[in-house]
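Close look at the chain arrangement
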Amino acid sequence: MKIAISAESTIDLPQELLDKYGIHTTPFGINMGGELIDDRFGISSEIFEYVKQTGNLPKTSAISPEQYSEYFTNLLKEYDAVVHITLSSQLSCANNNANLIARDLDNVFIIDSKSLSTGIALLAIYACSLRDKKKSAEDIYKMTLEKVDSVQASFVIETLKFLHKGGRCSALALLGANILKIKPQISLVNGKMNVAKKFRGNLNKVLDQYCDELLSENANPDLETVFITSSSEMADIKAELSAKLSARGFKNIYETLAGGTISSHCGPNCLGVLFLNK
């Protein structure tokens with residue numbers, strides 16, 4: 001049985017890794033000044049420049065039911081089944097739209113990742129490993145669904161301005177964070193974004209502390225794959241965190257950039273370390 005593992009552009013993987021694992025994607029839309037473009041890997045710098053020049057936040061749009069219908073139908077011309085992993089249903093209507101179409105199609109299985117960015121990628125890579133072991137589409141769906149709550153997805157943001165512009169942060173919280181120079185750690189809990197901790201100080205030191213505490217609090221991680229995903233390049237701190245993760249025993253350490261949908265909400269210099277817990 002030929003099975004397609006699929007996700008949306010919010011998986012935040014470069015084409016190199018999509019090709020390596022054999023993951024299909026379909027893009028969210030991003031509206032910048034009336035121009036609708038496809039979300040893609042590496043677009044974050046364009047978004048930040050747009051916000052800097054206009055003061056406006058781009059508007060992101062989930063894949064519509066009609067777009068899903070065309071996408072799944074085309075995949076089913078080549079594959080016997082599709083296992084599709086969506087952005088958290090608590091953050092977007094994408095999951096609901098995908099389910100609306102899947103109900104009328106045979107062998108299309110929809111998984112709510114309850115996550116975002118490379119948290120989705122961790123589930124997709126796991127699903128690919130099951131596909132490569134010749135598991136059935138139904139087994140891949142069930143076993144990947146069981147992994148959803150094992151995803152450790154969190155990130156530290158430098159500024160709340162973008163969350164405020166997007167209506168996900170109050171003016172009072174923004175003011176308080178600016179005055180106290182707080183850099184919050186946002187964690188995904190049951191598919192929702194929650195403030196887990198509030199760090200203060202230099203961003204590099206904060207990210208170093210964040211990584212140390214993350215590893216300390218998650219004593220039994222799956223050491224196969226870990227992502228260091230950021231909205232800006234941040235090469236130096238990524239190298240430092242990569243060394244920490246390597247010393248901890250992680251085998252595949254991927255340094256990636258967030259795509260447009262995620263970056264337009266979290267802003268520049270946002271960084272997360274994401275992995276599966278056993």
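I will try to describe carefully the structure that is included in this document. Everything numeric here is computed off the predicted structure, so don't read it as measured data. In every chain, residue numbers begin from 1 and rise along the written sequence. Predicted model: local features are reported for residues with pLDDT of at least 70 only, side-chain atom pairs are reported and counted for 80 or more only, and whole-chain, interface and lining totals are derived from all residues. Hydrogen atoms and water are omitted, and side-chain values are computed over all heavy atoms in the structure.

1. Focus on the pairing of strand β7 (residues 108–112)
- The buried label applies to any residue whose accessible area, calculated with a 1.4 Å probe on protein chains only, is under 20% of its type's maximum; exposed applies above 50%, and partly exposed to all values in between. Strands are runs of DSSP state E lasting at least 2 residues, helices are runs of H or I lasting at least 4, and numbering of each runs from the N terminus. The element β7 is extensively covered by neighbouring structure, given that five of its five residues are classed as buried.
- Because side chains alternate across β7, one face comprises the buried residues V108, I110 and D112, and the other comprises F109 and I111, equally buried.
- In terms of strand pairing, strand β6 (residues 81–86) meets β7 through five bridges, oriented parallel. Bridge assignment links V82 to a residue of β7, and that residue is V108.
- Crossover handedness is defined by viewing with both strands directed away from the observer: a clockwise path from the first strand over the helix to the second marks the crossover as right-handed. In this view, the connection linking β6 to its parallel neighbour β7 by way of helix α4 (residues 94–102) has right-handed handedness. Note on pairing: two strands pair once DSSP finds at least 2 bridges between them.

2. Observations regarding the sheet that holds strand β4 (residues 35–38)
- Spatially, the three strands line up as an open sheet ordered β4-β3-β5, and their pairing is antiparallel. For this open sheet the edge positions go to β4 and β5 (59–61), each flanked by a neighbour on one side alone. Shown here is a sheet whose adjacent strand axes are inclined to one another by a mean of 30°, direction ignored.
- One ladder, built from three bridges, connects strand β3 (residues 29–32) with β5; its direction is antiparallel. Of the residues in β5, the one forming a bridge with I30 is T60. All axes are obtained by fitting lines to C-alpha atoms, using only the stretch in contact for helices, and the reported angles, taken between N-to-C directions, cover 0 to 180 degrees.

3. Focus: the packing of helix α5 (residues 118–132) against helix α6 (residues 137–147)
- Look at α5 against α6: their axes get within 10 Å of each other, and the N-to-C directions meet at 145°. Where α5 crosses over α6, the two elements pack in a sense that is right-handed. Of α6, the residues touching α5 (which contributes L123, Y126, A127, L130 and R131) are I140, M143, T144 and K147.
- Looking at the contact of α5 with α6 residue by residue, the class counts come to six nonpolar, one polar and two charged. Handedness of a helix crossing follows the sense of rotation of the near helix relative to the far helix, less than a right angle counterclockwise being left-handed and clockwise being right-handed. Throughout, a residue-residue contact means that at least one pair of heavy atoms, one from each residue, lies within 4.5 Å. Gly is put with the polar residues, along with every residue not named as nonpolar or charged; the nonpolar set is Ala, Val, Leu, Ile, Met, Phe, Trp, Tyr, Cys and Pro, and the charged set is Asp, Glu, Lys and Arg.

4. Quick word on the pairing of strand β10 (residues 182–189)
- Across the eight residues that make up β10, a large majority, seven, are buried.
- Pairing geometry for β10 and strand β11 (residues 192–200), over eight bridges, is antiparallel. Along β11, the bridge assignment pairs I182 with R200.
- Between β10 and β11, which pair antiparallel in sequence order, lie two residues; one of them, N190, sits at a positive phi of approximately 50°.

5. Re helix α3 (residues 65–78)
- In this model α3 runs 21 Å from its N-terminal to its C-terminal C-alpha over 14 residues, within 8% of the 20 Å that 1.5 Å per residue would give.
- Elements in contact with the buried residues of α3: β1 (3–8), β2 (23–26), β6, α4 and β7. In this analysis, the expected span of each helix is defined as 1.5 Å times one less than the number of residues it contains.

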